[in-house]
Structure formats: structure tokens, C-alpha cells
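Analysis of the macromolecular model
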Amino acid sequence: MTVVFATLKARPERVDEVRNELLELKRLTNREPGALGYAVYGGADAVFVVFERYVDQAACDAHFAAPYVNAFFARVPELLTGEPQVQFVDEVSTSDA
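The present account deals with the structure reproduced in this document. Predicted, not measured: the structure shown is a model, and the values here were computed from it.

Right, let's talk about unusual backbone geometry for a bit. Even without being glycine, Ala 46 reaches a positive phi, approximately 70°. If you trace the backbone, Ala 46 turns up in the loop between strand S2 (35–42) and strand S3 (47–54).

Spelled out as C-alpha cells, the structure:
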């Protein structure tokens, strides 16, 4: 399983717009074959953390090639204070007992 952690810092005047964009990405991603989960977390400091899970690297690659993901990344300079910090990792264990 491939897991993605992304941290994004919204421009102060764009916090609501970034939240809405990320929730739309969640909606679209949940329709993708191979996508197992997409969660968005946010705090009062305009920082969002996205946690994504895919069955394998191929499904993850397909997600990042999707037109709506590319459209979001094209808007990063206007929405965020810098580039998103993205980590790709393989799941080693789960919280399941």
C-alpha cells in the first residue's frame, strides 16, 4: 500500500478556498480505482494536512496524473505560501489490532 502525507500552508486570504479545493479533491479521488482513502485535516494556522492511501504505487501515480490534481497544482502559487511538502511512503503496519 502506498501512503501520501502532504502539508500545505494556505495564504491567509485563501484559507476557505484551499479548504474547498481540498474537499473537492477528496470527492474526486474517492472515485478513483485504487484509492483507499483521502482525509483532510486543518488547523487555525492555515495549515492543512492531507492523508491519502492507495492500493499500490500505480494507483498513486494515476491519481497524481489526473487532470483535477494537475489543475490544483497549477494554482499553488496563488493559493499557498509555498510548495506543498509531500511524502510518499509504504505502509509498514496499521493501527488495527
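Attention shifts here to the packing of helix H2 (residues 57–65) against helix H3 (residues 67–74). Where H2 meets H3, the axes come as close as 5 Å, and the angle between the chain directions of the two elements is 55°. In terms of axis orientation, H2 runs oblique to H3. On H3, the residues touching His 63, Phe 64 and Ala 65 of H2 are Pro 67, Val 69, Asn 70 and Phe 73.

Moving on, we come to the sheet that holds strand S4 (residues 85–90). On the basis of which strands lie adjacent, the open sheet formed by four strands has the order S2-S3-S1-S4 and antiparallel pairing. Looking along the sheet, the strands with just one partner apiece sit at the ends: S2 and S4. On average, each strand axis in the sheet is tilted by 15° relative to the strand beside it, whichever way the strands run. Sheet analysis places S2 next to S3, joined by seven bridges and oriented antiparallel. Bridge pairing in S3 places Val 40 opposite Val 50. Sitting on the sheet, helix H1 (residues 15–29) is in contact with strand S1 (2–9), S2 and S3, with an inclination near 165° to S2.

Let us look at the nonpolar core. Core analysis: the largest hydrophobic core is formed by 22 residues, its most contacted members being Leu 8, Val 18, Leu 22, Tyr 54 and Phe 72. Those elements that place two or more of their residues in this core are S1, H1, S2, S3, H2, H3 and helix H4 (76–79). With four residues, H1 is the largest single contributor of residues to this core. Residues contacting Leu 8, with those up to four places away along its chain left out, are Leu 22, Ala 46, Val 47, Phe 48, Val 50, Phe 72, Leu 80 and Pro 84.

Criteria and thresholds
- Residues numbered from 1 in each chain as written.
- Predicted model: local features only at pLDDT ≥ 70, side-chain atom pairs only at ≥ 80, totals over all residues.
- Heavy atoms only, no water.
- Helix = DSSP H or I, 4+ residues; strand = E, 2+ residues; numbered from the N terminus.
- Axes fitted to C-alpha atoms, helices over the stretch in contact; angles between N-to-C directions.
- Parallel < 35°, antiparallel > 145°, perpendicular 65-115°, else oblique.
- Contact = heavy atoms within 4.5 Å.
- Pairing = 2+ DSSP bridges.
- Core = buried A, V, L, I, M, F, W, Y, C linked by side-chain atoms within 4.5 Å.
- Buried < 20%, exposed > 50% of the residue type's maximum accessible area, 1.4 Å probe, protein only.

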